[in-house]
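Coordinates in review
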Amino acid sequence: MLSGPSGVGKSTVVAHMRKEHPEVWLSVSATTRKPRPGERHGVHYFFVTDDEMDKLIANGELLEWAEFAGNRYGTPRAAVLEHLEAGVPVLLEIDLQGARQVRASMPEAQLVFLAPPSWEELVRRLTGRGTESPEVIDRRLEAAKTELAAEPEFDETLVNTSVEDVARELLALMNVV
Ligand SMILES: Nc1nc2c(ncn2[C@@H]2O[C@H](COP(=O)(O)OP(=O)(O)O)[C@@H](O)[C@H]2O)c(=O)[nH]1
Ligand SMILES: Nc1ncnc2c1ncn2[C@@H]1O[C@H](COP(=O)(O)OP(=O)(O)O)[C@@H](O)[C@H]1O
């Protein structure tokens, strides 16, 4: 499981890793957040309405879910279990609250925290991505303070200075290489 503050580079690292190792399966989450330009339904997320999210939760279809910066996000349970049973390396990219839930239900899961080289660099990356309004950026930076403080809860911390290095370290932790 990979967690870390918004803008630290999780998606970038995972995309780089999967380009070279497509055998790593990345869970596609359901979210009530609106798609960013270029994001596709079923690829980056399953973009769902509030009602649809209510149903997924009520029917027990999510392994975990959380509200993050005003939107809900959850991991579809069935696909994760199928891939684990098939022996495929599974990666979840989820927030701190989700990571805590998975740790409780799957104690064997490995929790990896992706940290920024500095607070200033995190702000620079999140702002530089240009996908969020200043209000949303503030909200995400507020959440980032809590996430950075929870770093000791994780099994491993990787500092995202070089995307290539972090991708390699993550693969090694997953025993893929
Ligand atoms: N708990 C949980 N968090 C998720 C899930 N999918 C994504 N997230 C997290 O939600 C947060 C916001 O994701 P997103 O809106 O895509 O923004 P980004 O992380 O800045 O690219 C990030 O911390 C994600 O890791 C999920 O299924 N469950
Ligand atoms: N190691 C890095 N060095 C410099 N910029 C990076 C690095 N990793 C990611 N970025 C940039 O930071 C921004 C946020 O990355 P992104 O992968 O969207 O973060 P997250 O998925 O954690 O929210 C993007 O513009 C990305 O190109």
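Refer to the structure printed above.
First things first, this report covers the structure right here in the doc. (Residues numbered from 1 in each chain as written. Chains lettered and ligands numbered in written order. Predicted model: local features only at pLDDT ≥ 70, side-chain atom pairs only at ≥ 80, totals over all residues. Heavy atoms only, no water.)

At a closest axis distance of 9 Å, the pairing of helix α1 (residues 10-20) and helix α7 (residues 163-173) adopts a crossing angle of 70°. Here α1 is positioned roughly perpendicular relative to α7, judged by the angle of their axes. Read as a crossing pair, α1 and α7 show a hand that is right-handed. Contacts between α1 and α7 involve Thr12, Val13, His16 and Met17 from the former and Val163, Glu164, Val166, Ala167, Leu170 and Leu171 from the latter. Split into classes, the residues belonging to the contact of α1 with α7 amount to 7 nonpolar, 2 polar and 1 charged. (Axes fitted to C-alpha atoms, helices over the stretch in contact; angles between N-to-C directions. Helix = DSSP H or I, 4+ residues; strand = E, 2+ residues; numbered from the N terminus. Parallel < 35°, antiparallel > 145°, perpendicular 65-115°, else oblique. Left-handed = near helix turned anticlockwise from the far one by under 90°. Contact = heavy atoms within 4.5 Å. Nonpolar A, V, L, I, M, F, W, Y, C, P; charged D, E, K, R; others polar.)

Across the interface, helix α5 (residues 119-129) lies against helix α6 (residues 134-149) with an axial gap of 11 Å and an inter-helix angle of 145°. Pair α5 / α6 crosses with right-handed handedness. Together, Trp119, Leu122, Val123, Leu126, Thr127 and Arg129 of α5 and Ile137, Arg140, Leu141, Ala144, Lys145 and Leu148 of α6 make up the contact between the two elements. Each residue belonging to the contact of α5 with α6 can be placed in one class, and the counts come to 8 nonpolar, 1 polar and 3 charged.

This part covers the site of ligand 2. Taken together, 13 residues lie around ligand 2, and Gly7, Lys10, Ser11, Thr12 and Arg129 are the ones closest in. Lysine 10 places a main-chain nitrogen or oxygen 2.8 Å from an oxygen atom of ligand 2. One nitrogen or oxygen atom from the side chain of serine 11 is found 2.7 Å from an oxygen atom belonging to ligand 2. For ligand 2, whose free accessible area comes to 570 Å², the fraction covered by protein is 75%. Looking at the shell around ligand 2, the elements that each hand over two or more residues are α1 and α5. With 3 residues, α1 is the largest single contributor of residues to the shell around ligand 2. Here the shell around ligand 2 is composed, by residue class, of 3 nonpolar, 7 polar and 3 charged. (Near = heavy atom within 4 Å. Polar contact = N/O pair within 3.5 Å; in protein donor to acceptor, adjacent residues only side chain to side chain. Areas by Shrake-Rupley, 256 points an atom, 1.4 Å probe, with all protein chains shown as cover.)

Bringing the pattern of salt bridges into the picture now. Within the structure shown, the criterion is met by 12 salt bridges. When the shortest N-O distance is used, the salt bridge between glutamate 153 and arginine 100 registers 2.6 Å. One end of the pair, glutamate 153, is in the loop between α6 and β9 (156-159); the other, arginine 100, is in helix α4 (residues 96-105), with 53 residues separating them in the sequence. Taking relative accessible area as the criterion, glutamate 153 reaches 36% and is therefore assigned partly exposed. Glutamate 121 is the salt-bridge partner of arginine 125, the closest N and O atoms lying 2.8 Å from each other. With arginine 125 and glutamate 121 both in helix α5, this residue pair falls 4 residues apart, about one helical turn. The exposure class assigned to arginine 125 is partly exposed, which follows from its relative accessible area of 23%. According to the relative accessible area criterion, glutamate 121 is buried, its value standing at 19%. Among the ionic contacts, a cluster of salt bridges with common partners joins Arg33, Arg36, Glu39, Arg129 and Glu132. (Salt bridge = Lys/Arg side-chain N within 4 Å of Asp/Glu carboxyl O. Buried < 20%, exposed > 50% of the residue type's maximum accessible area, 1.4 Å probe, protein only.)

What follows covers the site of ligand 1. Around ligand 1, a shell composed of 19 residues is seen, among which Ser6, Ser29, Arg33, Tyr45 and Tyr73 lie nearest. With respect to ligand 1, the side chain of arginine 36 contributes an N or O atom lying 3.0 Å from an oxygen atom. At a separation of 3.3 Å, an oxygen atom of ligand 1 approaches a polar side-chain atom of threonine 75. Expressed as a share of its isolated accessible area of 570 Å², the protein-covered part of ligand 1 is 98%. Of all the secondary-structure elements, those providing two or more residues to the shell around ligand 1 are β5 (62-68) and β6 (71-76). Class assignment for the residues of the shell around ligand 1 results in 5 nonpolar, 6 polar and 8 charged.

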